[in-house]
Amino acid sequence: MRYGQCLCAGVIAYCFAQAACAQLVAQPDYPSKPLRFIIPFAAGGPVDVLGRGIGQKFTASMGQQVLLDNRPGANTILALDLVAKSPPDGYVILLASGAFTTLASFNKTLPFDPLRDFTPVTMNARIPGFLLVTHPSVPARSVKELIAVAKANPDKLNYGSSGYGGVQHLAMSLFALSAGTKMTHIVYKGAAPLSVDLVAGHVETAFMVPAGVLEYVRAGRLRALGFSGLKRWNKLPDVPTIDEAAIKHYEYYTWYGFWYPAGVPAAYVTKLHAETVKAVAAPDVLKRFDDLGFEGIASDKPADFAKFVQGDMLAMKKLAAQIGFVPQ
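Residues numbered from 1 in each chain as written. Predicted model: local features only at pLDDT ≥ 70, side-chain atom pairs only at ≥ 80, totals over all residues. Heavy atoms only, no water.

Within the protein chain, the secondary structure is distributed over 12 helices and 13 strands. Compactness check: the protein chain gives a C-alpha radius of gyration of 20 Å against a globular reference of 20 Å for 328 residues, within 12% of the reference. The C-alpha extent of the protein chain, read off along each of the three principal axes, is 65 × 40 × 30 Å. Each of the 328 residues in the protein chain was classed as buried or not, and the buried ones make up 54%. (Helix = DSSP H or I, 4+ residues; strand = E, 2+ residues; numbered from the N terminus. Rg over C-alpha atoms; globule rule 2.2 N^0.38 Å. Buried < 20%, exposed > 50% of the residue type's maximum accessible area, 1.4 Å probe, protein only.)

Set out below in structure tokens:
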């Protein structure tokens, strides 16, 4: 099974909102004032660093400062609602994760429509996989052994995530579904408190952003059993992929992208896409991303990103049904 914000064959193309309802006339000197990145995560985290790296390139090439506005909360809904209700003048830009495509399947109601109220611009990065880690007290030194422990003790093994419908929850849900195991889900308010409890042994296992737990793994305070990408992570080349270790075709990754509010002139979308392509190809940005476990990657065209987002929403809806998730 391959999920986790992944490309789906046969996705249905759809028109972006700005093509139907562009309300503003593009200004030839755009941007003529600072740009504002709305980030649905706390300052200092990986996405903040991602935004800062791209923002610096935008400032150098477009001559305007990029302001990072961190709006964490409600599993990214607060930030997305702010952007959806912002004027479509091209100066408010959403920098969000693949959680964008899970919201409709994992929430009963939303204060916005993910397709109607946003203009997709481009993907800008992805995390090719997550580390499946355990506390050293768990009697498992491989993915197969962890599966065996979970099967012998249904619902007794605890795993943590930073929220229902988030990447950690979905990665483990897909893992448990594929392996035929049952574990108890413990929800945290973020990756930081989850990391603390993992190291302390209060929760036993989780899928974690690799760079965030690398030092704990190297120090022996956490045990890395597998990687959810289809290629091993270059910082821990001895850790096998889950695909090669136990579950054939298992893959889970996440991605990040830019959106405008609906109604932004198409010329702005084209310009932001082109600037992103240049920014994520810069050697210093690629080095910074690699240190974080990211890959810089931009969509071929904004329309390609729109198709990708539509396809990923369908994939997340299917996964939610398979794991029996009841929208909260």
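Read on, since the account is not over.
Glycine aside, negative phi is the norm for most residues, and most peptide bonds take the trans geometry. Looking along the chain, the bond that leaves Y30 and enters P31 is cis, with omega of -5°. Tracing the backbone shows P31 in the loop between α1 (17–21) and β2 (35–39). In this model, H249 sits at a positive phi of 75°, which is unusual for a non-glycine residue. Locating H249 in the fold gives a position in the loop between α9 (242–245) and β11 (251–252).

On to the confidence of the model for the protein chain. Within the protein chain, residue pLDDT values average 89, and 92% of them lie at 70 or more. Overall, residues 6–23 carries pLDDT values under 50, and its contacts beyond four positions in sequence, including any with other chains, amount to 34 contacts. (pLDDT = per-residue confidence, 0-100. Contact = heavy atoms within 4.5 Å.)

Within soluble globular proteins, side chains that are nonpolar generally end up buried alongside one another. Grouped together as the largest cluster of nonpolar side chains are 32 residues, with contacts concentrated most on L132, F175, M183, F207, I242, Y250 and Y252. At the level of elements, α5 (143–152), α6 (167–179) and α12 (302–322) are the ones that each hand at least two residues to this core. Formed by 30 residues, the second largest nonpolar core is a distinct cluster that contains L95, V280, F289 and F294. (Core = buried A, V, L, I, M, F, W, Y, C linked by side-chain atoms within 4.5 Å.)

Before going further, it helps to spend a moment on the sheet that holds strand β4 (residues 92–97). Judged by pairing direction, the sheet is mixed, and its 6 strands sit side by side in the order β3-β2-β4-β12-β5-β13 without closing on themselves. Sheet topology places β3 (66–70) and β13 (295–296) at the edges, where each strand pairs with a single neighbour. Two elements, strand β5 (residues 118–127) and strand β12 (residues 254–261), share 8 bridges in a ladder whose sense is antiparallel. Residue pairing for β12: F118 is matched across the bridge by P261. (Pairing = 2+ DSSP bridges.)

A separate point is the packing of helix α2 (residues 46–62) against helix α10 (residues 266–281). Between α2 and α10, the shortest axis-to-axis distance is 9 Å and the interhelical angle comes to 115°. For the element pair α2 and α10, the recorded crossing hand is right-handed. The segment α2 lies against α10, with I54, K57, F58, S61 and M62 engaging K271, L272, E275, T276, K278, A279 and V280. For the contact of α2 with α10, the class distribution of residues is 6 nonpolar, 2 polar and 4 charged. (Axes fitted to C-alpha atoms, helices over the stretch in contact; angles between N-to-C directions. Left-handed = near helix turned anticlockwise from the far one by under 90°. Nonpolar A, V, L, I, M, F, W, Y, C, P; charged D, E, K, R; others polar.)

This paragraph deals with helix α7 (residues 191–200). The complete set of buried residues in α7 reads L194, S195, D197, L198 and V199. Looking at the buried residues of α7, the elements they touch are β6 (131–134), β7 (158–161), α6, β9 (205–208) and α8 (210–218). Looking one or two residues past α7, G201 carries a phi angle of roughly 85°, positive in sign.

It is worth spelling out α8 at this point. Turn by turn, an α-helix covers 3.6 residues, leaving residues three or four places apart pointing in a common direction. P210, V213, L214 and V217 are the residues of α8 that are buried. Projected down its long axis, α8 carries its buried residues within an arc of 145°, all on one side. In this structure, the buried residues of α8 make contact with β5, β6, α7, β9 and β10 (223–227). (Arc of directions from axis to C-beta.)

Its place among the elements puts S97 in strand β4. Setting aside anything within four residues of it in sequence, one finds S97 in contact with F41, W255, Y256 and W259.

What follows deals with the pattern of salt bridges. Throughout the structure, instances matching the rule amount to 13 salt bridges. Among the salt bridges present, the one from D69 reaches R36, with a minimum N-O distance of 2.8 Å. You can see D69 sitting in strand β3 and its partner R36 sitting in strand β2, a full 33 residues away along the chain. The class for R36 is partly exposed, based on a relative accessible area of 27%. (Salt bridge = Lys/Arg side-chain N within 4 Å of Asp/Glu carboxyl O.)

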